[in-house]
Amino acid sequence: VVSTPPRHLKTTTALVGLLYNCIFRRRKKMIYTSYSVEITKEAAGQFTKMAVALGYDKGVVDKKIINGNVIYFKALKGGITALGSNWITIVDDSWRGQDDAFSQTIREQTKSNFESSLLTRSQSELLSLFVIGTRFHAEDLLGHCMTKLKFESHIFPAVNTDGTALFPELHSIEWLLQQKEMVSPYTWDTLYMCKPTTETDNISV
């Protein structure tokens, strides 16, 4: 599990990791998935641009083949059936936003889709499954993976414990502190500092 603040290039970093494995590995099957078809297609397009820039074949829209490796780009809801992965599976953002996160029904549906459509698609004991995203709720998919499924977690708040910015080349500490003044305490603590709540007090959903 990798939890990061918004606008910190988590998707780009994940796609670079997939491309790296395509270049240096052989005969691997991988999956990239997100909550929506639109986000997944956008990620596939970004991956294609990086691959083409390095001289590799771009493949079809939802299936990239590089050096004999296959990466499927499919939306989490209703798109993973019949696919398998034996090397890397990435779940990048499991729902649309705060409204979905505070819906118990959607949270449970997301967890069920994840367990039935991805955990059961492992074709190798060597599979690495990454669940990455910005936190909205303590019982979101990332929280589920950390507490119930016991995934290893890597939490990266926007501001480090020493008061410096997580990614100063992208967002300075001054910019982050301005954001803190502009957003609600819930938004700052949950999205930026990766400390999600379970309560909906003073939150309109």
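The shown structure was predicted, so the numbers you read here are calculated from the model rather than taken from an experiment.

A. The overall build of the protein chain, seen in detail. A tally of regular secondary structure across the protein chain gives seven helices and seven strands. Moving toward the C terminus, one meets the helices and strands of the protein chain in the order β-α-β-α-β-β-β-α-α-β-α-β-α-α. Over its C-alpha trace the protein chain gives a radius of gyration of 17 Å, about what one expects of a compact globule, namely 17 Å for 205 residues. If you line up the protein chain on its principal axes, its C-alpha atoms span 50 × 40 × 30 Å. When the 205 residues of the protein chain are sorted by exposure, 45% land in the buried category.

B. Representation of the pairing of strand β2 (residues 29–33) within the structure. Of all five residues making up β2, four are buried, and the element is well covered by its neighbours. In terms of strand pairing, β2 meets strand β4 (residues 69–73) through four bridges, oriented parallel. Paired with Ile31 across the bridge in β4 is Tyr72. Pairing of β2 with strand β5 (residues 88–92), which is carried by four bridges, proceeds in the parallel orientation. Directly across from Thr33, in β5, lies its bridge partner Val91.

C. Local environment of the environment of Leu177. Considering the arrangement of structural elements, one finds Leu177 in helix α6 (residues 173–182). Look at Leu177 and you get partly exposed, because its relative accessible area is 42%. Residues Leu177 and Ile23, spaced 154 residues apart in sequence, show a C-alpha to C-alpha distance of 39 Å.

D. Region of interest: the sheet that holds strand β3 (residues 63–66). Overall, mixed pairing links the seven strands, which are arranged β3-β4-β2-β5-β6-β1-β7 in an open sheet. Both edges of this open sheet fall to β3 and β7 (154–155), since each of them pairs with a single strand only.

E. Representation of the environment of Phe167 in the model. Assignment of secondary structure puts Phe167 in the loop between β7 and α6. Separated by eleven residues in sequence, Phe167 and Phe156 have C-alpha atoms that sit 9.8 Å apart. Apart from the residues lying within four places of it in its own chain, the contact partners of Phe167 are His8 and Leu9.

F. Focus on the packing of aromatic side chains. With the rule as written, the count across this model stands at six aromatic pairs. On the numbers, 4.7 Å between centres and 45° between planes, the contact of Tyr20 with Phe24 is tilted. One end of the pair is Tyr20 and the other is Phe24, both in helix α1 (residues 10–24) and four residues apart, which spans about a single turn. Here Trp188 and Tyr192 contribute two aromatic rings whose centre-to-centre distance is 5.1 Å and whose plane-to-plane angle is 20°, an arrangement assigned as stacked. Of this pair, Trp188 and Tyr192 both sit in helix α7 (residues 185–192), separated by four residues, roughly a single helical turn. You'll find Trp188 and Tyr192 in the same group, each marked buried.

Criteria and thresholds
Residues numbered from 1 in each chain as written. Predicted model: local features only at pLDDT ≥ 70, side-chain atom pairs only at ≥ 80, totals over all residues. Heavy atoms only, no water. Helix = DSSP H or I, 4+ residues; strand = E, 2+ residues; numbered from the N terminus. Rg over C-alpha atoms; globule rule 2.2 N^0.38 Å. Buried < 20%, exposed > 50% of the residue type's maximum accessible area, 1.4 Å probe, protein only. Pairing = 2+ DSSP bridges. Contact = heavy atoms within 4.5 Å. Phe/Tyr/Trp six-rings, centres within 6.5 Å; stacked < 30°, edge-to-face > 60°.

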